[in-house]
Amino acid sequence: MNNFSDTERKVLASGIELRYLPDEYLFRQGQKAEFVFYLQEGSLVLESPVGFVSIDRKGVFIGIEEAIEEKNHVYSAMTSSYSQFLVFERKYFQLLIDEFDLALPYFEFKKAELNELLKKVQQKYATI
């Protein structure tokens, strides 16, 4: 991740900071992915067809895969506490990928982090 620190700094400097109260939806399953969210503070719950996952780890991008692949959200995201995000409009997010050489590999790395969290939940529900 160290080789992405400069790219991360540049990308995060371009986000718009928004605060959410508990129990507010960022987006719902099936909704067009218009924004990408970067968790700075707080926590949220992702609801997928196979279950729920709580995320309280800072530095996680939410909605990144859908924005990169221009598809609808496959899960719903709702805050579970007072939360602060950096928000990126999908079109602007695509411009960041074009502008910074390491942006796409960085975002792919961050997407893999989120997918690992989701995979743990799927495995948990598969064993129940």
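Please refer to the structure placed before this passage.
Residues numbered from 1 in each chain as written. Predicted model: local features only at pLDDT ≥ 70, side-chain atom pairs only at ≥ 80, totals over all residues. Heavy atoms only, no water.

Enquirer: Let's hear about the environment of Ile68: which residues, and what values?
Expert: Residue position: Ile68 is located in helix α2 (residues 64–69). The class for Ile68 is buried, based on a relative accessible area of 19%. Spatially, the C-alpha atoms of Ile68 and Lys91 are 9.8 Å apart, while their sequence positions differ by 23 residues. If sequence neighbours within four positions are ignored, Ile68 has contacts with Phe93, Gln94, Ile97, Phe107 and Glu108. (Helix = DSSP H or I, 4+ residues; strand = E, 2+ residues; numbered from the N terminus. Buried < 20%, exposed > 50% of the residue type's maximum accessible area, 1.4 Å probe, protein only. Contact = heavy atoms within 4.5 Å.)

Enquirer: Explain the packing of aromatic side chains to me, and be specific about the residues and the numbers.
Expert: In total, this model carries 14 aromatic pairs according to the counting rule given. Taking 6.1 Å as the distance between ring centres and 35° as the angle between the ring planes, the aromatic pair formed by Phe27 and Phe37 counts as tilted. A residue pair is termed long-range when its members are at least 10 positions apart, and Phe27 in strand β2 (residues 25–27) and Phe37 in strand β3 (residues 35–41) qualify at 10 residues. Phe37 shares its class with Phe27; the two are buried. Measuring from centroid to centroid gives 4.3 Å for Phe93 and Phe107, while their planes differ by 35°, and the two rings are tilted. Taken together, the positions of Phe93 in helix α3 (residues 90–99) and Phe107 in helix α4 (residues 103–126) put the pair 14 residues apart, joining distant regions of the chain. When its relative accessible area of 0% is taken as the criterion, Phe93 is described as buried. (Phe/Tyr/Trp six-rings, centres within 6.5 Å; stacked < 30°, edge-to-face > 60°.)

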